[in-house]
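Each chain, written out:
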Amino acid sequence: MTHTRRSIWSAIALLVAACGGGASGPGTNPAATDTPVLTRTVVLPGLSSPWDIAVAADGAIFFTEKCRGLSVRHTNGTVVRLFGTSGSALVAPDLVCVGQSGVHGVALDPAFATNQTVYVYMLSNLTTSPRTNRVIRLVLNAGYTTASNRVDIVTDIAFKDVANAVGGAGSHSGGRVRFGPDGLLYVTTGDNHNATLPQSPTMLGGKVLRVTTTGAAAPGNGPPAGFDARIFTYGHRNVQGIAFRPGTGQPFTSEHGPNHSDEVTPLVAGGNAGWDPQNRPSLSCPDNYCGYAGNPTTMPMTDVARFPTALPPSWNNGGASQGTGPAVFLDGAQWRAWNGRLAVGIMGGSRLAILELNSAGVATGSVDASLPAVRYRALTLGPDGNLYVATDEGEIWRVVPSAAP
(Lines give C-alpha, C1' and ligand atoms only; values in the text may rest on other atoms or scores of the structure.)
Protein backbone atom coordinates (compact mmCIF):
# COMPACT_ATOMS: atom_id res chain seq x y z
CA MET A 1 0.00 0.00 0.00
CA THR A 2 1.48 3.34 -1.00
CA HIS A 3 1.63 6.33 1.30
CA THR A 4 -1.04 8.05 -0.81
CA ARG A 5 -3.42 5.08 -0.64
CA ARG A 6 -2.86 4.77 3.09
CA SER A 7 -3.65 8.47 3.58
CA ILE A 8 -6.85 8.09 1.56
CA TRP A 9 -7.91 5.08 3.64
CA SER A 10 -7.25 6.96 6.89
CA ALA A 11 -9.28 9.93 5.67
CA ILE A 12 -12.19 7.68 4.66
CA ALA A 13 -12.08 5.89 8.03
CA LEU A 14 -12.20 9.15 9.93
CA LEU A 15 -15.04 10.45 7.75
CA VAL A 16 -17.10 7.32 8.35
CA ALA A 17 -16.43 7.57 12.08
CA ALA A 18 -17.62 11.15 12.11
CA CYS A 19 -20.79 10.26 10.18
CA GLY A 20 -21.87 7.13 11.99
CA GLY A 21 -19.39 5.47 14.30
CA GLY A 22 -19.04 8.13 16.96
CA ALA A 23 -16.46 7.20 19.57
CA SER A 24 -16.34 3.68 18.15
CA GLY A 25 -14.39 4.69 15.06
CA PRO A 26 -15.40 3.75 11.50
CA GLY A 27 -18.58 1.80 11.18
CA THR A 28 -22.29 1.23 11.05
CA ASN A 29 -24.52 -0.60 13.48
CA PRO A 30 -25.93 -4.03 12.60
CA ALA A 31 -29.69 -4.51 12.70
CA ALA A 32 -30.78 -4.16 16.31
CA THR A 33 -32.73 -7.42 16.19
CA ASP A 34 -29.60 -9.36 15.28
CA THR A 35 -27.30 -7.77 17.84
CA PRO A 36 -26.66 -10.09 20.79
CA VAL A 37 -27.94 -9.11 24.20
CA LEU A 38 -25.10 -9.36 26.71
CA THR A 39 -25.49 -10.68 30.24
CA ARG A 40 -22.52 -9.86 32.46
CA THR A 41 -21.64 -11.77 35.63
CA VAL A 42 -18.76 -10.83 37.92
CA VAL A 43 -16.96 -14.14 38.42
CA LEU A 44 -14.10 -12.80 40.53
CA PRO A 45 -13.99 -9.40 42.27
CA GLY A 46 -11.30 -7.79 44.39
CA LEU A 47 -8.25 -8.85 42.37
CA SER A 48 -4.94 -7.00 42.28
CA SER A 49 -4.16 -5.85 38.72
CA PRO A 50 -5.46 -8.90 36.85
CA TRP A 51 -3.67 -9.16 33.50
CA ASP A 52 -4.76 -12.25 31.58
CA ILE A 53 -7.18 -15.18 31.53
CA ALA A 54 -7.22 -18.74 30.14
CA VAL A 55 -10.24 -21.04 30.52
CA ALA A 56 -9.94 -24.82 30.55
CA ALA A 57 -12.49 -27.15 28.97
CA ASP A 58 -13.70 -28.18 32.42
CA GLY A 59 -14.53 -24.57 33.30
CA ALA A 60 -11.54 -23.77 35.50
CA ILE A 61 -10.43 -20.16 35.03
CA PHE A 62 -6.70 -19.47 35.15
CA PHE A 63 -5.71 -15.86 35.65
CA THR A 64 -2.65 -13.77 36.33
CA GLU A 65 -2.20 -10.77 38.60
CA LYS A 66 0.69 -8.53 37.66
CA CYS A 67 2.43 -8.44 41.04
CA ARG A 68 1.24 -11.78 42.49
CA GLY A 69 1.40 -14.50 39.84
CA LEU A 70 -0.80 -17.26 38.44
CA SER A 71 -3.96 -18.49 40.15
CA VAL A 72 -6.94 -20.67 39.27
CA ARG A 73 -10.63 -20.36 40.10
CA HIS A 74 -12.11 -23.84 40.34
CA THR A 75 -15.65 -24.49 39.19
CA ASN A 76 -16.81 -24.64 42.83
CA GLY A 77 -15.61 -21.06 43.30
CA THR A 78 -12.46 -21.77 45.31
CA VAL A 79 -9.29 -19.94 44.27
CA VAL A 80 -5.80 -21.46 44.50
CA ARG A 81 -2.61 -19.48 44.00
CA LEU A 82 -0.41 -21.70 41.87
CA PHE A 83 2.76 -19.76 41.02
CA GLY A 84 4.28 -16.46 42.04
CA THR A 85 4.94 -14.59 45.24
CA SER A 86 4.80 -15.90 48.82
CA GLY A 87 1.63 -17.88 49.41
CA SER A 88 1.73 -19.59 46.02
CA ALA A 89 2.01 -23.38 45.72
CA LEU A 90 5.22 -22.79 43.77
CA VAL A 91 7.07 -19.64 44.78
CA ALA A 92 9.13 -17.78 42.16
CA PRO A 93 11.88 -15.95 44.06
CA ASP A 94 13.03 -14.32 40.82
CA LEU A 95 9.65 -12.74 40.06
CA VAL A 96 9.85 -8.95 39.88
CA CYS A 97 7.06 -6.36 39.53
CA VAL A 98 8.23 -3.02 38.14
CA GLY A 99 6.05 -0.35 36.57
CA GLN A 100 3.94 -1.93 33.84
CA SER A 101 5.80 -5.23 34.10
CA GLY A 102 5.48 -8.37 36.18
CA VAL A 103 3.33 -11.42 35.45
CA HIS A 104 1.44 -10.89 32.20
CA GLY A 105 0.10 -13.46 29.76
CA VAL A 106 -1.09 -17.01 30.38
CA ALA A 107 -1.87 -19.74 27.85
CA LEU A 108 -2.91 -23.37 28.19
CA ASP A 109 -1.12 -26.02 26.15
CA PRO A 110 -3.22 -27.31 23.22
CA ALA A 111 -3.08 -30.72 24.97
CA PHE A 112 -3.84 -29.25 28.39
CA ALA A 113 -6.57 -31.79 29.11
CA THR A 114 -3.95 -34.52 29.18
CA ASN A 115 -0.71 -32.76 30.11
CA GLN A 116 -1.90 -29.92 32.44
CA THR A 117 0.81 -27.65 31.01
CA VAL A 118 0.59 -23.85 31.31
CA TYR A 119 2.73 -21.05 29.85
CA VAL A 120 3.27 -17.72 31.60
CA TYR A 121 5.01 -14.47 30.61
CA MET A 122 6.89 -12.87 33.50
CA LEU A 123 9.63 -10.46 34.50
CA SER A 124 12.58 -12.20 36.14
CA ASN A 125 15.81 -11.13 37.81
CA LEU A 126 17.57 -14.42 37.07
CA THR A 127 19.45 -12.40 34.49
CA THR A 128 20.63 -9.06 35.85
CA SER A 129 21.82 -5.81 34.27
CA PRO A 130 19.42 -5.83 32.58
CA ARG A 131 16.71 -8.07 33.90
CA THR A 132 14.60 -9.84 31.26
CA ASN A 133 11.06 -10.78 30.44
CA ARG A 134 10.66 -14.47 29.77
CA VAL A 135 8.17 -17.23 29.04
CA ILE A 136 8.04 -20.14 31.44
CA ARG A 137 6.35 -23.52 31.25
CA LEU A 138 4.69 -25.16 34.26
CA VAL A 139 3.01 -28.51 34.86
CA LEU A 140 -0.01 -28.64 37.19
CA ASN A 141 -1.35 -31.62 39.05
CA ALA A 142 -4.68 -33.14 38.07
CA GLY A 143 -6.59 -31.14 40.67
CA TYR A 144 -4.94 -27.81 39.75
CA THR A 145 -3.64 -27.30 43.28
CA THR A 146 0.11 -27.46 42.71
CA ALA A 147 2.58 -26.40 40.03
CA SER A 148 5.96 -27.95 39.30
CA ASN A 149 8.52 -28.68 36.59
CA ARG A 150 9.23 -25.05 35.76
CA VAL A 151 11.15 -24.67 32.51
CA ASP A 152 12.07 -21.23 31.15
CA ILE A 153 11.59 -21.63 27.40
CA VAL A 154 12.30 -18.03 26.28
CA THR A 155 14.67 -16.12 28.57
CA ASP A 156 15.92 -13.10 26.62
CA ILE A 157 12.95 -10.82 25.94
CA ALA A 158 14.00 -7.19 26.34
CA PHE A 159 13.00 -5.33 29.52
CA LYS A 160 13.27 -1.62 30.30
CA ASP A 161 15.51 -1.82 33.35
CA VAL A 162 16.07 1.91 33.92
CA ALA A 163 13.78 4.92 33.55
CA ASN A 164 14.52 7.45 30.83
CA ALA A 165 13.16 10.82 29.74
CA VAL A 166 9.96 9.35 28.26
CA GLY A 167 8.91 6.87 30.95
CA GLY A 168 9.67 4.75 33.97
CA ALA A 169 11.37 1.39 34.30
CA GLY A 170 9.15 -1.52 33.31
CA SER A 171 7.40 0.30 30.46
CA HIS A 172 6.35 -1.34 27.20
CA SER A 173 6.92 -5.02 27.90
CA GLY A 174 4.11 -6.39 25.73
CA GLY A 175 3.34 -9.75 27.29
CA ARG A 176 0.38 -11.51 25.68
CA VAL A 177 0.88 -15.24 24.96
CA ARG A 178 -1.52 -17.25 22.84
CA PHE A 179 -1.49 -20.57 21.02
CA GLY A 180 -2.57 -20.28 17.42
CA PRO A 181 -4.60 -22.87 15.53
CA ASP A 182 -1.25 -24.05 14.14
CA GLY A 183 -0.36 -25.31 17.64
CA LEU A 184 2.46 -22.79 17.99
CA LEU A 185 2.94 -20.24 20.76
CA TYR A 186 2.81 -16.55 19.83
CA VAL A 187 4.48 -14.09 22.22
CA THR A 188 4.08 -10.32 21.98
CA THR A 189 6.80 -7.95 23.19
CA GLY A 190 7.25 -4.19 23.57
CA ASP A 191 9.79 -1.58 22.52
CA ASN A 192 10.87 -0.64 26.09
CA HIS A 193 10.99 3.04 25.00
CA ASN A 194 14.18 2.03 23.19
CA ALA A 195 14.22 3.46 19.67
CA THR A 196 16.43 0.73 18.23
CA LEU A 197 14.48 -2.32 19.42
CA PRO A 198 11.53 -2.54 16.98
CA GLN A 199 13.73 -2.79 13.87
CA SER A 200 16.58 -4.69 15.57
CA PRO A 201 17.24 -8.09 13.97
CA THR A 202 18.54 -9.64 17.19
CA MET A 203 16.81 -7.96 20.16
CA LEU A 204 13.38 -9.39 20.97
CA GLY A 205 11.64 -6.12 21.92
CA GLY A 206 8.94 -4.73 19.63
CA LYS A 207 8.24 -8.12 18.08
CA VAL A 208 5.78 -10.97 17.81
CA LEU A 209 7.60 -14.25 18.38
CA ARG A 210 6.36 -17.66 17.24
CA VAL A 211 7.90 -20.64 19.00
CA THR A 212 7.31 -24.28 19.78
CA THR A 213 6.44 -25.53 23.25
CA THR A 214 10.15 -25.83 23.96
CA GLY A 215 10.85 -22.23 22.91
CA ALA A 216 12.51 -23.15 19.63
CA ALA A 217 11.91 -21.06 16.53
CA ALA A 218 8.83 -22.22 14.67
CA PRO A 219 9.32 -23.35 11.08
CA GLY A 220 8.11 -20.82 8.52
CA ASN A 221 8.63 -17.68 10.59
CA GLY A 222 10.45 -16.19 7.63
CA PRO A 223 12.13 -13.10 9.08
CA PRO A 224 14.76 -11.37 6.92
CA ALA A 225 18.27 -12.79 6.77
CA GLY A 226 20.25 -12.12 9.92
CA PHE A 227 17.19 -11.95 12.18
CA ASP A 228 16.62 -14.12 15.23
CA ALA A 229 14.70 -17.10 13.86
CA ARG A 230 12.09 -16.85 16.63
CA ILE A 231 10.81 -13.55 15.22
CA PHE A 232 7.51 -13.86 13.36
CA THR A 233 6.93 -10.12 12.82
CA TYR A 234 8.86 -7.04 13.88
CA GLY A 235 8.53 -3.25 13.92
CA HIS A 236 5.92 -3.19 16.69
CA ARG A 237 5.44 -0.65 19.46
CA ASN A 238 3.81 -2.51 22.36
CA VAL A 239 1.49 -5.32 21.31
CA GLN A 240 -0.90 -6.37 24.07
CA GLY A 241 -3.49 -8.10 21.93
CA ILE A 242 -3.27 -11.01 19.49
CA ALA A 243 -6.12 -13.09 18.12
CA PHE A 244 -6.64 -15.61 15.32
CA ARG A 245 -9.38 -15.23 12.75
CA PRO A 246 -11.78 -18.19 12.63
CA GLY A 247 -11.60 -20.03 9.34
CA THR A 248 -8.24 -18.69 8.22
CA GLY A 249 -6.21 -18.75 11.44
CA GLN A 250 -4.51 -15.47 10.47
CA PRO A 251 -3.19 -13.63 13.52
CA PHE A 252 -4.28 -10.04 14.14
CA THR A 253 -2.54 -7.76 16.63
CA SER A 254 -3.94 -4.77 18.47
CA GLU A 255 -1.63 -2.14 19.91
CA HIS A 256 -1.90 1.39 21.18
CA GLY A 257 -0.20 4.28 19.49
CA PRO A 258 1.92 6.97 21.20
CA ASN A 259 -0.48 9.93 21.13
CA HIS A 260 -2.38 8.87 18.02
CA SER A 261 -3.19 5.92 15.79
CA ASP A 262 -4.14 2.85 17.78
CA GLU A 263 -3.99 0.02 15.26
CA VAL A 264 -5.26 -3.47 14.49
CA THR A 265 -3.00 -5.28 12.03
CA PRO A 266 -3.27 -8.66 10.24
CA LEU A 267 0.12 -10.37 10.39
CA VAL A 268 2.06 -12.17 7.69
CA ALA A 269 5.14 -14.25 8.51
CA GLY A 270 8.32 -12.18 8.31
CA GLY A 271 6.41 -8.90 8.10
CA ASN A 272 7.48 -5.47 9.34
CA ALA A 273 4.74 -3.52 11.16
CA GLY A 274 6.57 -0.28 10.44
CA TRP A 275 7.21 1.27 13.87
CA ASP A 276 10.63 2.96 13.93
CA PRO A 277 11.00 5.71 16.57
CA GLN A 278 14.64 6.52 15.78
CA ASN A 279 16.71 8.91 13.65
CA ARG A 280 14.16 11.64 12.92
CA PRO A 281 16.20 14.84 12.66
CA SER A 282 13.17 17.11 12.34
CA LEU A 283 11.88 16.05 15.77
CA SER A 284 13.10 16.76 19.28
CA CYS A 285 13.58 13.28 20.72
CA PRO A 286 14.30 12.92 24.47
CA ASP A 287 16.94 10.24 25.03
CA ASN A 288 16.84 9.64 21.26
CA TYR A 289 13.32 8.13 21.47
CA CYS A 290 11.08 9.89 18.94
CA GLY A 291 7.94 7.88 19.67
CA TYR A 292 6.11 10.74 21.42
CA ALA A 293 7.71 13.60 19.54
CA GLY A 294 5.62 13.74 16.37
CA ASN A 295 2.22 13.19 14.82
CA PRO A 296 0.70 10.68 12.36
CA THR A 297 2.74 12.22 9.55
CA THR A 298 6.10 12.87 11.22
CA MET A 299 6.09 9.81 13.54
CA PRO A 300 3.60 7.33 12.07
CA MET A 301 2.76 4.03 13.71
CA THR A 302 3.17 2.33 10.32
CA ASP A 303 5.86 4.18 8.39
CA VAL A 304 5.33 3.32 4.74
CA ALA A 305 7.79 6.03 3.69
CA ARG A 306 10.65 4.17 5.36
CA PHE A 307 9.17 0.72 4.81
CA PRO A 308 7.02 0.62 1.64
CA THR A 309 6.06 -3.03 2.22
CA ALA A 310 5.09 -2.54 5.87
CA LEU A 311 2.07 -4.51 7.04
CA PRO A 312 -0.96 -2.24 6.54
CA PRO A 313 -3.30 -1.92 9.53
CA SER A 314 -6.88 -3.02 9.01
CA TRP A 315 -8.15 -0.44 11.52
CA ASN A 316 -6.77 2.83 12.80
CA ASN A 317 -8.76 4.92 15.22
CA GLY A 318 -6.99 8.14 14.15
CA GLY A 319 -6.96 11.07 16.55
CA ALA A 320 -5.66 10.56 20.06
CA SER A 321 -4.62 7.14 21.29
CA GLN A 322 -7.19 5.48 23.54
CA GLY A 323 -4.95 2.64 24.73
CA THR A 324 -5.97 -0.30 22.52
CA GLY A 325 -5.07 -3.52 24.32
CA PRO A 326 -6.47 -7.07 24.26
CA ALA A 327 -8.31 -8.67 21.36
CA VAL A 328 -10.29 -11.82 20.64
CA PHE A 329 -12.47 -13.04 17.78
CA LEU A 330 -16.07 -13.83 18.71
CA ASP A 331 -16.94 -17.22 17.29
CA GLY A 332 -20.23 -19.11 17.28
CA ALA A 333 -23.86 -18.67 16.24
CA GLN A 334 -24.70 -17.42 19.73
CA TRP A 335 -22.91 -14.18 18.83
CA ARG A 336 -25.46 -13.57 16.08
CA ALA A 337 -24.47 -10.47 14.02
CA TRP A 338 -21.15 -10.39 15.87
CA ASN A 339 -20.14 -13.92 14.92
CA GLY A 340 -16.65 -13.66 13.41
CA ARG A 341 -16.09 -10.07 14.54
CA LEU A 342 -13.04 -8.91 16.46
CA ALA A 343 -13.56 -7.66 20.00
CA VAL A 344 -10.91 -5.13 21.03
CA GLY A 345 -10.46 -3.83 24.57
CA ILE A 346 -9.83 -0.11 24.81
CA MET A 347 -8.13 0.69 28.10
CA GLY A 348 -7.84 4.48 28.06
CA GLY A 349 -11.13 4.80 26.18
CA SER A 350 -12.87 2.46 28.67
CA ARG A 351 -14.88 0.56 26.08
CA LEU A 352 -15.10 -2.72 24.20
CA ALA A 353 -15.08 -2.16 20.44
CA ILE A 354 -16.55 -4.79 18.12
CA LEU A 355 -14.94 -4.58 14.67
CA GLU A 356 -16.45 -6.02 11.51
CA LEU A 357 -13.80 -7.15 9.01
CA ASN A 358 -14.21 -7.89 5.33
CA SER A 359 -12.65 -10.91 3.63
CA ALA A 360 -9.38 -9.01 3.22
CA GLY A 361 -9.25 -8.31 6.95
CA VAL A 362 -10.03 -4.59 6.64
CA ALA A 363 -12.39 -3.11 9.23
CA THR A 364 -15.64 -1.99 7.63
CA GLY A 365 -17.66 -1.25 10.76
CA SER A 366 -17.41 -0.83 14.50
CA VAL A 367 -19.80 -0.63 17.43
CA ASP A 368 -19.26 -0.52 21.16
CA ALA A 369 -20.58 -3.35 23.31
CA SER A 370 -23.18 -2.40 25.90
CA LEU A 371 -20.91 -3.04 28.86
CA PRO A 372 -19.57 -0.85 31.70
CA ALA A 373 -16.94 1.80 31.04
CA VAL A 374 -13.77 0.22 32.48
CA ARG A 375 -10.18 -0.41 31.44
CA TYR A 376 -10.37 -3.67 29.48
CA ARG A 377 -7.14 -5.57 30.22
CA ALA A 378 -7.82 -9.13 28.96
CA LEU A 379 -10.29 -10.84 26.63
CA THR A 380 -10.63 -14.59 26.20
CA LEU A 381 -13.29 -16.71 24.54
CA GLY A 382 -13.97 -19.72 26.72
CA PRO A 383 -14.71 -23.27 25.52
CA ASP A 384 -18.33 -22.52 26.43
CA GLY A 385 -18.38 -19.82 23.74
CA ASN A 386 -18.74 -17.01 26.27
CA LEU A 387 -16.45 -14.01 26.61
CA TYR A 388 -14.25 -13.67 29.69
CA VAL A 389 -12.97 -10.21 30.57
CA ALA A 390 -10.37 -8.94 33.05
CA THR A 391 -10.47 -5.28 34.01
CA ASP A 392 -7.95 -2.99 35.61
CA GLU A 393 -10.62 -2.32 38.21
CA GLY A 394 -9.85 -5.78 39.63
CA GLU A 395 -12.63 -7.98 38.27
CA ILE A 396 -13.08 -10.95 35.96
CA TRP A 397 -16.40 -11.16 34.14
CA ARG A 398 -18.27 -13.79 32.16
CA VAL A 399 -20.24 -12.21 29.32
CA VAL A 400 -22.96 -14.39 27.82
CA PRO A 401 -24.64 -13.45 24.50
CA SER A 402 -28.26 -14.23 23.71
CA ALA A 403 -31.00 -13.26 21.28
CA ALA A 404 -33.11 -10.20 21.93
CA PRO A 405 -36.31 -10.99 23.85
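Our subject is the structure listed above.
Now for a quick tour of the structure. (Residues numbered from 1 in each chain as written. Predicted model: local features only at pLDDT ≥ 70, side-chain atom pairs only at ≥ 80, totals over all residues. Heavy atoms only, no water.)

1. Section: the overall build of the chain
And then number 1: Tallying secondary structure elements over the chain gives 2 helices and 25 strands in all.
And then number 2: Taken against the 2.2 N^0.38 rule, which gives 22 Å for 405 residues, the C-alpha radius of gyration of the chain at 20 Å falls within 12% of a compact globule.
And then number 3: Based on the C-alpha atoms only, the size of the chain along its principal axes is roughly 60 × 55 × 35 Å.
And then number 4: Burial analysis of the chain (405 residues in total) assigns 58% to the buried set.
And then number 5: Pairs at least 24 apart in sequence give 57% of the contacts found in the chain among residues at least 6 apart.
And then number 6: Entry remark: accessible area of the chain is about 14,600 Å², with carbon and sulfur atoms responsible for 54%.
And then number 7: Positive and negative side-chain charges of the chain, numbering 27 and 25 respectively, have mean locations separated by a distance of 1 Å. (Helix = DSSP H or I, 4+ residues; strand = E, 2+ residues; numbered from the N terminus. Rg over C-alpha atoms; globule rule 2.2 N^0.38 Å. Buried < 20%, exposed > 50% of the residue type's maximum accessible area, 1.4 Å probe, protein only. Contact = heavy atoms within 4.5 Å. Areas by Shrake-Rupley, 256 points an atom, 1.4 Å probe, with all protein chains shown as cover. Lys, Arg positive; Asp, Glu negative; His and termini not counted. Charge placed at Lys NZ, Arg CZ, Asp CG, Glu CD.)

2. Quick notes on the side chain of Ser124
And then number 1: Tracing the chain through its elements places Ser124 in strand 8 (residues 117–124).
And then number 2: Judged by its relative accessible area of 0%, Ser124 falls in the buried class.
And then number 3: A polar side-chain atom of Ser124 sits 2.6 Å from a polar atom in the side chain of Asp94.
And then number 4: A polar atom in the side chain of Ser124 sits 2.9 Å from the backbone nitrogen of Leu126.
And then number 5: Not counting residues up to four positions away in its chain, the partners in contact with Ser124 are Asp94, Val96, Arg131, Thr132 and Arg134. (Polar contact = N/O pair within 3.5 Å; in protein donor to acceptor, adjacent residues only side chain to side chain.)

3. Quick word on the state of the cysteines
And then number 1: Using the criterion set out here, one finds 2 disulfides in the structure.
And then number 2: Each sulfur of the disulfide joining Cys67 and Cys97 lies 1.9 Å from the other. On the criterion of sequence distance, the pair formed by Cys67 in the loop between strand 3 (61–65) and strand 4 (69–73) and Cys97 in the loop between strand 6 (90–91) and strand 7 (103–108) is long-range, its members being 30 residues apart.
And then number 3: Residue classification places Cys67 among the partly exposed positions, given a relative accessible area of 35%.
And then number 4: The side chain of Cys285 participates in a disulfide bridge whose partner is Cys290; the two sulfur atoms lie 2.0 Å from each other. Judged by the torsion about the S-S bond (105°), the Cys285/Cys290 disulfide is right-handed. (Disulfide = S-S within 2.5 Å.)

4. Regarding the layout of surface pockets
And then number 1: Taken as a whole, the largest pocket encloses approximately 840 Å³ of empty space.
And then number 2: Lining the largest pocket are 33 residues; nearest its centre among them are Val55, Arg178, Phe179, Thr380 and Leu381.
And then number 3: Among the elements of the structure, strand 2 (50–55), strand 7, helix 2 (112–115), strand 11 (177–179), strand 15 (239–244), strand 19 (324–329) and strand 23 (376–381) are those that each provide at least two residues to the lining of the largest pocket.
And then number 4: Taken together, the residues of the lining of the largest pocket sort by class into 25 nonpolar, 4 polar and 4 charged. (1 Å grid on protein atoms, 1.4 Å probe; cavity = no way out; pocket = protein on both sides within 12 Å on 5 of 7 lines; lining within 4 Å. Points joined across faces, edges and corners; volume = space filled by probe spheres on them. Nonpolar A, V, L, I, M, F, W, Y, C, P; charged D, E, K, R; others polar.)

5. Some details on the environment of Ala195
And then number 1: With respect to the helices and strands, the residue Ala195 is situated in the loop between strand 12 (185–188) and strand 13 (207–211).
And then number 2: Given a relative accessible area of 7%, Ala195 falls into the buried group.
And then number 3: Residues Ala195 and Pro277, spaced 82 residues apart in sequence, show a C-alpha to C-alpha distance of 5.0 Å.
And then number 4: Leave out the neighbours within four places in its chain, and Ala195 touches Asp276, Pro277, Gln278, Asn288 and Tyr289.

6. A short note on the sheet that holds strand 13
In sheet architecture, strand pairing relies on hydrogen bonds along the backbone and comes in two forms, parallel and antiparallel.
And then number 1: Read across the open sheet, the 4 strands follow the order 11-12-13-14; overall the sheet is antiparallel. Each edge of the sheet is formed by a strand with only one pairing partner; in this case those strands are strand 11 and strand 14 (231–234). With strand direction ignored, the average angle separating the axes of adjacent strands in the sheet is 20°.
And then number 2: Examined bridge by bridge, strand 11 and strand 12 share 3 bridges and lie antiparallel to one another. Counted as the bridge partner of Phe179 is Leu185 from strand 12. (Pairing = 2+ DSSP bridges. Axes fitted to C-alpha atoms, helices over the stretch in contact; angles between N-to-C directions.)

7. Here we look at the sheet that holds strand 6
And then number 1: Taken in spatial order, the 5 strands line up as 2-3-4-5-6 in an open sheet, and their pairing is mixed. Unpaired on one side and paired on the other, strand 2 and strand 6 mark the two borders of the sheet.
And then number 2: Note: strand 5 (residues 79–84) against strand 6, 2 bridges, orientation parallel. If you follow Phe83 over to strand 6, its bridge partner there is Leu90.

8. A short note on the packing of aromatic side chains
And then number 1: Under the criterion given, the structure shown has 10 aromatic pairs.
And then number 2: Taking 5.5 Å as the distance between ring centres and 85° as the angle between the ring planes, the aromatic pair formed by Tyr186 and Phe232 counts as edge-to-face. Here the residue Tyr186 occupies a position in strand 12, and Phe232 occupies one in strand 14, the gap between them amounting to 46 residues.
And then number 3: Overall, the relative accessible area of 3% leaves Tyr186 in the buried class.
And then number 4: Residue class for Phe232 comes out buried when judged on its relative accessible area of 3%. (Phe/Tyr/Trp six-rings, centres within 6.5 Å; stacked < 30°, edge-to-face > 60°.)

9. Focus on the pairing of strand 22 (residues 363–368)
And then number 1: In this sheet, strand 22 lies alongside strand 21 (residues 351–357) in antiparallel orientation, the contact comprising 5 bridges. What sits directly across from Ile354, in strand 22, is Val367.
And then number 2: Between strand 21 and strand 22, which follow one another and run antiparallel, lie 5 residues, and Gly361 among them has a positive phi close to 85°.

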